[in-house]
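For reference, the chains in residue letters:
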Amino acid sequence: MREEVIEMWKTTAYFISLVIVGVFVQLQTSHSFGATVTNTHDSGPGSLRNVIAITPTGGTVDFALTGCPCSIVLTSGDLVIEKDLSILGPGADLLTISGNGASRLFRLGMPITVPPTPTITVVLEGLRLTNGRGGAYWDGAGGAVIASYTHLNLRNSVIDNSVAAMSGGGGIYAYKSDTTILNSNISGNSGGFGGGIANVSRSNLEVVGSIISDNQSFAGGGIYSWNSTSRVANSTVARNNGYGSGAYIFGYSTADFLNSTIEGNLGNAGLIIHTSSATINSSTVSGDGPAIIQDNGIDDPSLPPYDSRVTISSSTIHGHGSGKFHGGISVMSSHSDWPSTTTLRNSIVAGSGPLPDIGEFGLGKFVSSGYNLIANADAVTAFDQPGDQVGTSAAPIDPLLAPLALNGGPTRTHALLRNSPALDKGKAFGSTTDQRGSVRPFEHPAIPNAPGGDGGDIGAFECNELMPLTTRFDFDGDHKADISVFRPSDRTWYLSRSTDGFAALQFGLSSDVIAPADFDGDGKTDVAVFRAGAWWLLNSSNNTIWSASFGRPDDIPVPADYTGDGRDDLAVYRAGIWWTLDLSKGAVTAFRFGVASDLPVPADYDGDAITDLAVYRGGQWHIFLSRSGYVSSTFGLPGDKPVTADYDGDGKSDIAVYRGGVWHILRTTHGYTAFQWGVPTDVPVPADYDGDGEADAAVFRSGVWYLRQSLSGTAIGEFGLASDRPVPASYLR
């Protein structure tokens with residue numbers, strides 16, 4: 001066995017080098033046919049070590065401990081189990097077993113003598129196994145647990161802070177074993193290969209509803225699998241470090257990833273499939289480096305030829321390029337008899353910005369089954385099947401993905417923003433749920449399907465409800481802006497709500513700056529004022545008043561949703577510096593963008609549901625887009641009044657100015673337009689008054705409203721006095 005492990009390790013290193021160069025409680029459980037642990041000693045009557053020894057084959061070890069949470073610290077080496085046995089702890093938060101940094105915790109299975117070696121079944125449940133260190137047995141493999149010829153079931157447990165030094169499996173090392181990990185956490189372990197788990201030599205690994213995170217190794221930071229099978233379902237593999245930092249599937253192995261997220265791993269790729277095959281279904285691979293590398297490029301005549309295939313279905317791949325590797329997926333093979341093929345269907349590959357998201361090297365190739373969105377395919381020509389959307393370096397496609405978040409289900413996903421080109425442009429190919437378990441396909445009547453598609457969305461996330469767009473100055477939540485004024489003389493807000501009718505509300509002082517916005521995220525505009533650096537708000541969701549000091553007396557209030565969480569944030573503009581307070585997280589940020597004389601004109605210019613910082617400077621627009629950074633545009637003249645809004649309903653705010661009664665609008669989809677609507681002394685009040693998603697040109701003139709509605713046509717009506725402040729003009733400078 002020792003020789004086989006050493007040889008496997010040498011082979012791994014050889015393969016990698018080629019690629020790199022190129023509360024008091026009493027705890028008691030009761031089970032028949034077993035014995036009970038009654039103290040936390042390492043040995044002697046009632047100790048865990050003693051109870052393991054005296055419990056008959058097939059029996060159960062349970063616990064009757066007081067004073068817990070408590071720990072059992074091992075001082076006499078591994079706990080050895082060579083028989084069928086279940087150890088049922090009270091919970092990982094209540095009972096810790098520690099190797100004290102000196103020994104591993106469990107050695108499972110009979111020593112290898114003369115085959116066949118009997119296979120045993122071991123259950124470890126409700127335990128925290130920590131501070132293990134692999135010893136001399138098997139060259140230090142298995143920092144916390146080592147298993148040979150064992151059916152291991154690890155349930156509702158934690159394995160953390162254990163070390164296998166330069167050998168395999170910082171958390172678990174499994175040799176010719178079947179390992180099932182259910183609702184458990186393997187975290188903060190390290191080893192030469194398989195920082196979290198090493199699954200080797202015709203072993204079978206199944207990870208369900210679990211987290212493999214923050215582990216470290218030379219190869220396979222989270223999971224290392226050699227000549228074995230692995231299945232990861234409804235799980236997260238995150239922030240691991242190593243070559244193939246999330247998982248390294250190697251040496252004639254197979255792996256399946258289902259409804260899982262591989263995210264934020266820190267090595268050269270989140271997932272490496274090396275001389276192996278894999279399926280990735282309804283899953284997300286996301287991070288700051290390359291997402292997936294498939295490699296079948298070892299020219300060694302002593303090894304049999306291998307046909308490496310990776311199939312990716314209804315998944316979202318989002319990564320960034322690094323060195324020779326592309327940000328999304330790199331497929332490579334340098335051996336003439338060893339093909340390497342990645343097939344995609346109904347999947348998104350994006351994230352590399354101006355760099356290609358996919359790449360073929362040597363004999364590696366892509367195959368499309370259709371309905372994919374490749375942000376930048378560069379020179380890859382495979383994506384020409386029905387429903388494929390393909391961008392280039394000159395014209396990349398932005399899939400408009402929201403940041404990773406818990407959007408339902410056990411794992412984080414990239415939600416599709418409202419204007420994503422992936423919405424209803426996919427095909428489910430028989431799948432009935434997305435990564436979260438939400439129904440798929442789900443059709444939105446207003447969005448046409450792709451030819452031959454079924455109305456499903458491309459990628460791992462199926463949008464069952466379009467991300468709501470909060471309509472500014474909508475006080476009743478019907479997605480129509482309401483005619484409304486603030487009257488300083490009586491400190492009253494007068495609202496003509498399109499659905500809920502008239503309302504009058506006294507709130508604020510005559511000298512206040514009105515600052516209405518949807519601060520509680522309920523889809524309704526909240527009455528609010530800014531007073532000498534303090535904010536006073538009336539939440540529409542619960543009719544409560546609250547205040548916050550944020551800003552200085554001479555600041556310009558610019559509340560908006562700067563984080564994309566559907567809730568407007570407190571924000572002020574101060575002489576070129578933007579100060580924002582995220583009301584969801586309490587985080588304060590400051591960002592210099594502009595000069596003191598600029599007019600702040602924040603809006604969502606790129607359609608990602610995140611407000612962008614922007615200023616207007618005498619005919620020059622300077623915009624810092626949340627997705628792609630700085631842009632500028634010349635549009636307008638000094639003295640023009642900026643009236644930015646979404647006039648063509650594409651979800652992106654348009655650059656626009658009001659000049660002496662004439663509206664000049666540069667629409668992002670429909671281009672430039674200009675028309676007369678108003679006179680020089682009017683107050684422009686653009687907003688979506690008819691609820692069709694397009695902002696309407698409108699003016700307020702001495703108490704009379706003139707609306708040029710895109711859907712409902714012209715409307716003229718009296719509401720207010722000449723001295724009133726029209727609410728939809730709150731943020732026009």
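Residues numbered from 1 in each chain as written. Predicted model: local features only at pLDDT ≥ 70, side-chain atom pairs only at ≥ 80, totals over all residues. Heavy atoms only, no water.

1. Focus on the overall build of the protein chain
In terms of regular secondary structure, the protein chain is built from 2 helices and 67 strands. Each principal axis of the C-alpha distribution contributes one length, and for the protein chain these read about 100 × 65 × 45 Å. In the protein chain, buried positions account for 55% of the 733 residues. For the protein chain, the accessible surface area stands at approximately 27600 Å², while carbon and sulfur atoms represent 54% of it. Across the protein chain, 45 positive and 72 negative side-chain charges occur, with their mean positions spaced 4 Å apart. (Helix = DSSP H or I, 4+ residues; strand = E, 2+ residues; numbered from the N terminus. Buried < 20%, exposed > 50% of the residue type's maximum accessible area, 1.4 Å probe, protein only. Areas by Shrake-Rupley, 256 points an atom, 1.4 Å probe, with all protein chains shown as cover. Lys, Arg positive; Asp, Glu negative; His and termini not counted. Charge placed at Lys NZ, Arg CZ, Asp CG, Glu CD.)

2. Describing the environment of Lys427
Mapped onto the secondary structure, Lys427 falls in the loop between strand E43 (413-416) and strand E44 (483-487). Of the residues examined, Lys427 reaches a relative accessible area of 29% and is grouped as partly exposed. Measuring from C-alpha to C-alpha, the distance between Lys427 and Gly660 comes to 51 Å, with 233 residues separating the pair along the chain. For Lys427, the contacting residues outside a window of four places in its chain are Asn346, Tyr371, Gly452, Gly453 and Asp454. (Contact = heavy atoms within 4.5 Å.)

3. Points about the sheet that holds strand E60 (residues 655-659)
In space, the 4 strands of this open sheet follow the order E59-E60-E61-E62, with antiparallel pairing throughout. This sheet does not close on itself; its edge strands, each paired only once, are strand E59 (641-642) and strand E62 (671-676). Direction of pairing for strand E61 (residues 662-667) relative to E62: antiparallel, over a ladder of 6 bridges. Its bridge partner lying in E62, Ile665 is registered against Thr673. (Pairing = 2+ DSSP bridges.)

4. What to know about the confidence of the model for the protein chain
If pLDDT is low for a region, its predicted coordinates should not be looked at in detail. Counting all residues, the mean pLDDT for the protein chain is 89, and 90% of those residues have values of 70 or more. Note on residues 1-32: pLDDT under 50 across the span, and 69 contacts to partners over four residues away in sequence or across chains. (pLDDT = per-residue confidence, 0-100.)

5. Overview of the pairing of strand E15 (residues 178-182)
By the alternation rule, side chains of E15 split into Thr179 and Ile181, which are all buried, and Asp178, Thr180 and Leu182, of which none is buried. The pairing of strand E12 (residues 150-155) with E15 spans 5 bridges and is parallel. Bridge pairing links His151 to Asp178 in E15. Of the pairings in the sheet, the one linking E15 to strand E19 (residues 204-208) comprises 5 bridges and is parallel in character. By the bridge assignment for E19, Thr179 is matched with Leu205.

6. Details of the nonpolar core
Here is a general trend for soluble globular proteins: nonpolar side chains tend to be buried in one another's company. Residues Ile87, Phe106 and Ile329 are the most contacted members of the largest nonpolar core, which totals 67 residues. Take this core: its biggest share by element is 4 residues, from strand E3 (residues 59-68). In this structure, Phe106 is in contact with Ile52, Leu79, Ile81, Ile87, Ile97, Leu124, Leu129, Ala144, Val145 and Ile146, ignoring residues within four places of it in sequence. (Core = buried A, V, L, I, M, F, W, Y, C linked by side-chain atoms within 4.5 Å.)

7. Brief notes about the state of the cysteines
If you walk through the whole model with that rule in mind, you get 1 disulfide. Between the sulfur of Cys68 and that of Cys70 lies a disulfide, 1.9 Å long from S to S. One disulfide, between Cys68 and Cys70, carries an S-S torsion of 50 degrees and so falls in the right-handed class. By relative accessible area, which is 2% here, Cys68 ends up buried. Take Cys70: its relative accessible area is 12%, and that puts it in the buried class. (Disulfide = S-S within 2.5 Å.)

8. Some remarks on the environment of Val208
Residue placement: Val208 occurs in strand E19. As a C-alpha pair, Val208 and Asn234 span 26 residues in sequence and 5.8 Å in three-dimensional space. In contact with Val208, not counting residues within four places along its chain, are Ile181, Leu182, Asn183, Arg231, Ala233 and Ser235.

9. Some thoughts on the sheet that holds strand E51 (residues 556-557)
Taken in spatial order, the 4 strands line up as E51-E52-E53-E54 in an open sheet, and their pairing is antiparallel. Each of the sheet's edge strands pairs with one partner strand only, and the pair in question is E51 and strand E54 (588-592). Pairing geometry for E51 and strand E52 (residues 570-574), over 2 bridges, is antiparallel. Across the sheet, the residue bridging to Ile556 is Tyr573, located in E52.

10. A closer look at a nonpolar patch on the surface
A cluster of nonpolar side chains, namely Phe591, Phe624 and Tyr630, defines an oily patch on the protein surface of about 280 Å² accessible area. On the basis of relative accessible area, Tyr630 is assigned to the partly exposed category, the value being 45%. (Patch = residues over 30% accessible without salt bridge, like charges linked within 9 Å, V, L, I, M, F, W, Y side chains within 5 Å. Salt bridge = Lys/Arg side-chain N within 4 Å of Asp/Glu carboxyl O.)

11. Quick word on the packing of aromatic side chains
Per the counting criterion, the structure on display carries 25 aromatic pairs. Summarising the aromatic geometry, the rings of Tyr371 and Phe429 are spaced 6.1 Å apart at their centres and angled 70 degrees between planes, so their arrangement reads as edge-to-face. Residue Tyr371 is located in the loop between strand E39 (364-368) and strand E40 (373-374), and its partner Phe429 is located in the loop between E43 and E44; the two are separated by 58 residues in the primary sequence. You can call Phe429 partly exposed: its relative accessible area is 28%. Geometrically, the ring pair formed by Phe635 and Tyr672 is edge-to-face, given 6.0 Å between the ring centres and 70 degrees between the ring planes. Within this pair, whereas Phe635 is found in the loop between strand E58 (629-634) and E59, its partner Tyr672 is found in strand E62, the two being separated by 37 residues in sequence. Classification of Phe635 by relative accessible area gives buried; the value is 12%. Tyr672 gets classed as partly exposed once you look at its relative accessible area, which sits at 47%. Within the aromatic cluster, the residues linked to one another by ring pairs are Tyr173, Phe193, Tyr224, Tyr243, Tyr248 and Phe250. (Phe/Tyr/Trp six-rings, centres within 6.5 Å; stacked < 30°, edge-to-face > 60°.)

12. A short note on the pattern of salt bridges
If you walk through the whole model with that rule in mind, you get 16 salt bridges. For Asp42, the salt bridge goes to Arg49, with nearest N and O atoms at 2.9 Å. Accessibility expressed as a relative area gives 8% for Asp42, which makes it buried. In this structure, Arg107 and Asp78 form a salt bridge, with 3.6 Å as the shortest nitrogen-oxygen distance. With Arg107 in strand E8 (residues 106-108) and Asp78 in the loop between strand E4 (70-73) and strand E5 (79-81), this residue pair connects regions lying 29 residues apart in the sequence. The network of salt bridges with shared partners includes Asp78, Arg104 and Arg107.

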